[in-house]
Amino acid sequence: MSCKSRDEVLELAKSKLDELIKLTSDLIKIPSENPIGSQRDVIDFVKNYLSEAGIPCEEVGCNPDFPCVVAKIGKDEGFSVILNGHVDVVPAGDRAQWEFEPFSGEITDKCILGRGTSDMKAGVAGVLFAMKILAESGAELNGNIRLHIVSDEESGGQFGTKWLCANGYADNADACLVAEPTGHNTIEIGQKGRVDLVLKSYGKSAHGSLAGFKGENAILKLIKVLENINMLREIEGCYKESQAQALLNSKLIADQKNGAGTGDVIDHVSANVGMIKGGTRPNMVPDYCEVTVDLRLPIGVGAKEIEDCVKKVIEKSGVTGVEYELDFQTFGNYTEIDAPIVEAIKKHAEALWKDEVLPAYQWASSDARDYRVKDIPTIQYGPSNTVGIHSYNETVDIEDVKNAGQIYLLSLCDLMGIAE
């Protein structure tokens with residue numbers, strides 16, 4: 001078959017949309033829980049799917065428990081787009097909490113059911129389908145499309161996307177689409193950074209019966225420090241004029257999804273006191289305590305600003321014998337709102353859904369950061385039902401899956417120069 005126009009490619013895709021739904025279901029039926037399961041079966045499935053589609057692929061990686069699959073169609077010169085998705089899923093957890101078998105992949109009249117439907121096997125199916133359709137169509141690509149399928153996103157990505165980017169697989173790319181769940185009316189074009197703050201306090205041990213009269217309680221010291229942790233939440237991001245609309249969109253979406261008044265989470269540091277360890281026995285005054293605080297950094301906030309504030313937090317508490325460590329994992333990152341990949345997805349999503357689609361920043365983080373570190377304009381856009389993600393009774397709408405597959409395909413046609 002040889003399709004010369006975008007409309008011909010789209011008609012080919014429309015004739016095969018039921019295959020996209022089956023592909024999503026088939027992926028769901030393969031348990032790929034991380035960290036308690038294996039990724040081998042789902043990775044082998046992806047390789048077999050690509051091979052049957054006539055797309056050469058290769059398994060790569062540095063950890064045999066978390067393999068990656070890479071593939072490429074098109075020519076070496078011209079615009080280069082990466083399609084990224086992860087096939088690992090969080091554990092299904094307590095089966096009694098599920099209203100259906102989490103790995104059934106059951107297809108109802110409106111939804112597909114199971115763990116990983118939204119996060120993110122439907123998105124993976126969409127990019128695989130789009131790539132297969134383009135290969136099958138025979139349309140001439142004025143550039144190339146690279147596929148990155150990874151199996152280590154839910155546990156941090158060090159053996160997945162991060163490794164691929166560090167080992168040259170993303171070099172010279174002009175754009176990247178990560179098919180993470182966003183819902184049809186949001187394009188994620190930026191996200192906050194992350195740093196782990198560890199506070200350590202040292203006291204003096206004594207018999208518990210003498211507490212308050214002898215010894216120095218390390219736990220109570222850190223409590224005084226934590227009373228001032230809100231000082232970190234007062235730090236605001238720094239944005240350019242060109243980012244004003246995306247910032248406004250982001251605050252609106254945060255309020256809608258998380259409740260009124262949560263919009264400031266986008267441009268302020270968030271600080272979650274997530275873990276505390278201290279003491280040896282109830283009848284001993286604890287001489288050591290440790291707290292881990294998860295900090296999320298808005299765009300424009302750097303290491304010095306955070307460190308200076310941590311010092312002020314400790315100083316204001318009035319205690320001594322407190323130390324800190326800062327583990328900066330990533331900083332706020334973003335793609336310009338007028339990047340070609342953003343404009344292509346927005347145009348086709350709005351045309352198909354008949355709804356406004358807002359480019360916005362994310363309050364969490366994902367593998368998109370690894371591409372943006374390499375200055376690759378990167379977005380996230382994918383089918384999603386937010387209820388059930390990382391919880392129970394996860395689903396995805398069939399309409400959302402079919403539309404996402406067509407939006408990916410049409411956007412790739414634009415970027416690859418396939419005319420109407």
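None of these values were measured; they are calculated from a predicted model.

Draft legend 1. Region of the structure containing the overall build of the chain. Helix and strand counts for the chain come out as 12 helices and 15 strands. Here the C-alpha atoms of the chain give a radius of gyration of 24 Å, agreeing with the 22 Å that 2.2 N^0.38 yields for 420 residues. In terms of principal-axis extent, the alpha carbons of the chain reach across some 85 × 50 × 40 Å. Here the chain, with 420 residues, has 54% of them falling under the buried criterion. Contacts in the chain between residues at least 24 apart in sequence constitute 81% of all its contacts with a sequence separation of at least 6. Within the structure as shown, the chain displays about 18200 Å² of accessible surface, and the carbon and sulfur contribution to it stands at 49%. Charge centroids of the chain, computed over 42 positive and 65 negative side chains, lie 4 Å from each other.

Draft legend 2. Molecular detail of the packing of helix α2 (residues 17-28) against helix α12 (residues 398-415). At a minimum axis separation of 10 Å, α2 and α12 run at an interaxial angle of 115°. Here α2 is positioned roughly perpendicular relative to α12, judged by the angle of their axes. At the point where α2 passes α12, the crossing takes the right-handed sense. Residues Leu-17, Asp-18, Leu-20, Ile-21 and Thr-24 of α2 form the contact with α12, whose participating residues are Ile-398, Val-401, Lys-402, Gly-405 and Gln-406. Of the residues in the contact of α2 with α12, the class split is 5 nonpolar, 3 polar and 2 charged.

Draft legend 3. Looking closely at the pattern of salt bridges. One pass over the structure, following the stated rule, counts 28 salt bridges. One salt bridge in this structure joins Glu-59 and Lys-47, with 2.7 Å as the shortest N-O distance. Of the two residues, Glu-59 sits in strand β1 (residues 57-60) while Lys-47 sits in helix α3 (residues 40-52), which places them 12 residues apart along the sequence. Judged by its relative accessible area of 32%, Glu-59 falls in the partly exposed class. Taken together, the shared-partner salt bridges connect Arg-6, Lys-347, Asp-414 and Glu-420 into one network.

Draft legend 4. Up close: the environment of Leu-128. Inspection of the secondary structure puts Leu-128 in helix α4 (residues 117-137). With a relative accessible area of 0%, Leu-128 lands in the buried category. As for Leu-128 and Leu-20, which are separated by 108 residues in sequence, their C-alpha atoms are 8.9 Å apart. Once residues lying within four places of it in the same chain are set aside, the contact partners of Leu-128 are Leu-23, Val-46, Tyr-49, Leu-50 and Leu-147.

Draft legend 5. Structural view of the sheet that holds strand β11 (residues 322-330). Taken in spatial order, the 4 strands line up as β9-β10-β8-β11 in an open sheet, and their pairing is antiparallel. Strands with a single pairing partner mark the edges of an open sheet, and in this sheet they are β9 (270-278) and β11. Across the sheet, the axes of successive neighbouring strands diverge by a mean angle of 15°, strand direction being ignored. For β9 and strand β10 (residues 288-297), the ladder comprises 8 bridges, and the chain directions are antiparallel. Following the sheet pairing, Lys-277 is matched in β10 by Glu-290. Helix-sheet contacts for helix α6 (residues 218-226) involve β8 (193-202), β9, β10 and β11, and the interaxial angle to β8 is about 140°.

Draft legend 6. Molecular detail of the nonpolar core. Leu-134, Ile-145, Leu-147, Ile-379, Tyr-381 and Tyr-408 are the most contacted members of the largest nonpolar core, which totals 72 residues. Among the elements that take part in this core, α4 stands out by supplying 11 residues, more than any other. By size, the runner-up hydrophobic cluster in this structure holds 26 residues, among which are Ile-229, Ala-271, Val-293 and Val-313.

Draft legend 7. View of helix α8 (residues 244-258). For α8, spanning 15 residues, the distance from its first C-alpha to its last is 21 Å, which sits close to the expected 21 Å at 1.5 Å a residue. The complete set of buried residues in α8 reads Ala-246, Leu-247, Asn-249, Ser-250, Lys-251, Ile-253 and Ala-254. Contacts from the buried residues of α8 go to β7 (186-191) and β13 (358-362). At the exit of α8 stands Gly-259, carrying a positive phi of roughly 110°.

Draft legend 8. A look at the side chain of His-348. Relative to the elements of secondary structure, His-348 occurs in helix α10 (residues 340-353). Here His-348 falls in the buried class, since its relative accessible area comes to 6%. Here the side chain of His-348 touches Asp-414 through a polar contact of 2.7 Å, side chain to side chain. Setting aside anything within four residues of it in sequence, one finds His-348 in contact with Arg-6, Ile-407, Leu-410, Ser-411 and Asp-414.

Cut-offs and rules
Every chain begins its residue count from 1, and numbering advances along the sequence as written. Per-residue local features are limited, in this predicted model, to residues with pLDDT of at least 70; the limit for side-chain atom pairs, both in listing and counting, is 80 or more; totals at the level of whole chains, interfaces and linings are taken over all residues. For side-chain calculations, the full set of non-hydrogen atoms in the structure is used, while hydrogens and water are omitted. Numbering of helices and strands starts at the N terminus; helices are DSSP runs of H or I of at least 4 residues and strands are runs of E of at least 2. Radius of gyration here uses only the C-alpha atoms, and the compact-globule reference equals 2.2 Å multiplied by the residue count raised to the power 0.38. Here's how the labels work: a residue is buried when its accessible area is under 20% of the maximum for its type, exposed when over 50%, partly exposed in between, all with a 1.4 Å probe on protein chains only. Throughout, a residue-residue contact means that at least one pair of heavy atoms, one from each residue, lies within 4.5 Å. Computed by Shrake-Rupley with a 1.4 Å probe, the accessible areas treat only the displayed protein chains as cover when residues are assessed. Residues scored as positive are Lys and Arg, those scored as negative are Asp and Glu, and His as well as the terminal groups of each chain are ignored. A single reference atom marks each charge: NZ on Lys, CZ on Arg, CG on Asp, CD on Glu. To obtain an axis, a line is fitted to C-alpha atoms, over the contacting stretch when the element is a helix, and the angle between two such axes runs from 0 to 180 degrees between their N-to-C directions. Note that the term roughly parallel is reserved for angles under 35 degrees, roughly antiparallel for angles over 145, roughly perpendicular for angles of 65 to 115, and oblique for everything else. Crossing handedness: left-handed means the near helix sits turned counterclockwise from the far one by under a right angle, and right-handed means the same turn made clockwise. As a working rule, the residues Ala, Val, Leu, Ile, Met, Phe, Trp, Tyr, Cys and Pro are called nonpolar, Asp, Glu, Lys and Arg charged, and the rest polar, with Gly in that last group. By definition, a salt bridge exists where a carboxyl oxygen of Asp or Glu is found within 4 Å of a side-chain nitrogen of Lys or Arg. Should DSSP find at least two bridges between two strands, the strands are taken to pair. Within this scheme, the nonpolar core is defined by two criteria: the residues are buried Ala, Val, Leu, Ile, Met, Phe, Trp, Tyr or Cys, and they are joined through side-chain atoms within 4.5 Å. To estimate the expected span of a helix, count its residues, drop one, and scale the result by 1.5 Å. Two N or O atoms form a polar contact when they lie within 3.5 Å of each other; inside protein one atom must be a possible hydrogen donor and the other a possible acceptor, and for residues adjacent in sequence the pair counts only when both atoms belong to side chains.

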